[in-house]
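Fold and contact review
Here is how the chains run, residue by residue.
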Amino acid sequence: MTAEHQEPQLTHETSDLTRRRVVAVGAGTLAVAGLGGGALAVDAAAGERTPDPKGGPGTLPEDCYVLTSETVEGPYYIDADKIRRDVTEDREGIPLLLGLKVIDSETCRPIRDAAVDIWHCDAVGVYSGYEDMGNGGGGGGPAPTGEPPTDAPTDAPTGAPPSGNPGGHQEPTDDTRYLRGTWRTDRHGHVSFRTVFPGWYRGRCVHIHTKVHVDGEWTDTGYEGGHTCHTGQFFFDEESVVATETVEPYASNTAERTLLTEDTIYDQSGATGGLLRLRYDKRDISRGVRATLTVGVDPATTNDGQGTPPQPSASASPSAT
């Protein structure tokens, strides 16, 4: 694999890891136009509890036992293909800075040197590596006409779900790799990515996929060994998604959009379920969005996302079941 020495400047701007061997690239400073320059500061999402380092009121052991929800991997994961923080490549869209803090859910201590993957579709609902799948109609065009399927969707933009396991992997159809990347948590558990606000496709709300890998080793040639302790997804509130609908190229995405409350993967639990805390100019979201979340994981477990998808919560719309 080829290293990409990119400095992500936004102002101009594995399953089991036993078989991982990847090439690391240089880091850079992230900034969002309209949100201030400098390095991204990672804040806890609304509703999260942060222990008082001085042991004051509210520093209870149960504060540390909030695991971030596990979800299915989905069919479009490509293992460790790009080690980078800037995953945008040539994709157009609203600039997005994704800042995460990975902690041990039992001790609340940051997990350093973890490998964090993210991947998501572009503004018109197409995943790199699977462009032939399109967005419900091929090439990211309009969604198909007619009645939507009555069965609950898995995570496939088009066609039937993969045979067997609903979260099962599909082999890539092409060599594109935009909006995918892996990066290393620092000693504070922080990791950040520069990307664009995701679009949507029929059957799913707007989301970003993630995996957290631990117990591996970072070497001069990349990251090797370890296991996947978390497979999840990050979600966006409806207000922010609606705001993108008038901005190109999102305005050209005519696929039927699933609401956050209708989604069959999001468990409606807020930050614990992966709901991001967003900051942006409400007058003009096109200037950029900053998204943050603290991700609580159990580093001793293996969660590769290959199991049965979670059932929607009782608060979900009937149309999502």
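As a reminder, the structure under discussion sits directly above these lines.
The following paragraphs examine the structure supplied in this document. As the structure is a computational prediction, the values presented were derived from the model and not from experiment.

This part covers the sheet that holds strand S8 (residues 289–297). With mixed pairing, four strands are arranged side by side in an open sheet as S4-S1-S8-S7. The open sheet has two edge strands, strand S4 (190–196) and strand S7 (277–280), and neither has a second partner. The average undirected angle you get between the axes of adjacent strands in this sheet is 20 degrees. Strand direction decides the pairing type here: S7 and S8, joined by four bridges, are antiparallel. Bridged to Arg279 within S8 is Arg290.

According to the stated counting rule, one finds eight aromatic pairs in the structure shown. Centre to centre, the rings of Tyr76 and Tyr130 are 4.5 Å apart; their planes meet at 55 degrees, and the pair counts as tilted. With Tyr76 in the segment before strand S1 (95–104) and Tyr130 in the loop between strand S2 (115–119) and strand S3 (180–184), the pair connects residues that are 54 residues apart, well separated along the chain. Neither residue differs from the other here; Tyr76 and Tyr130 are each classed as buried. Taking 4.8 Å as the distance between ring centres and 50 degrees as the angle between the ring planes, the aromatic pair formed by Phe235 and Tyr266 counts as tilted. Separated by 31 residues along the polypeptide, Phe235 in strand S6 (residues 222–235) and Tyr266 in the loop between helix H1 (238–244) and S7 bring together distant segments of the chain. The burial state of Phe235 is the same as that of Tyr266; both residues are buried. The ring centre of Tyr178 lies 3.9 Å from the NZ or CZ of Arg91, which sits over that ring.

Time to look at the pattern of salt bridges. Where side chains of opposite charge bring their charged atoms close, a pairing between them can arise. Summed over all chains, the structure comprises 13 salt bridges. Here Lys211 ties to Glu73 by a salt bridge, and the two come within 3.0 Å at their closest N and O atoms. On the criterion of sequence distance, the pair formed by Lys211 in strand S5 (residues 207–219) and Glu73 in the segment before S1 is long-range, its members being 138 residues apart. No difference in accessibility class separates Lys211 from Glu73, as the two residues are buried.

Moving on, we get to unusual backbone geometry. The step from Glu248 to Pro249 runs through a cis peptide bond, and the omega angle for that step is 5 degrees. Checked against the element boundaries, Pro249 lands in the loop between H1 and S7. In this structure, Asp215 is a non-glycine residue whose phi angle is positive, near 65 degrees. For Asp215, the location among the structural elements is in strand S5. Judged by relative accessible area, Asp215 falls into the exposed class, the value being 61%. With a phi close to 65 degrees, Gln268 is a non-glycine residue in the positive phi region. Positionally, Gln268 belongs in the loop between H1 and S7.

Parameters and conventions
- Residues numbered from 1 in each chain as written.
- Predicted model: local features only at pLDDT ≥ 70, side-chain atom pairs only at ≥ 80, totals over all residues.
- Heavy atoms only, no water.
- Pairing = 2+ DSSP bridges.
- Helix = DSSP H or I, 4+ residues; strand = E, 2+ residues; numbered from the N terminus.
- Axes fitted to C-alpha atoms, helices over the stretch in contact; angles between N-to-C directions.
- Phe/Tyr/Trp six-rings, centres within 6.5 Å; stacked < 30°, edge-to-face > 60°.
- Buried < 20%, exposed > 50% of the residue type's maximum accessible area, 1.4 Å probe, protein only.
- Lys NZ or Arg CZ within 6 Å of the ring centre and 35° of its normal.
- Salt bridge = Lys/Arg side-chain N within 4 Å of Asp/Glu carboxyl O.

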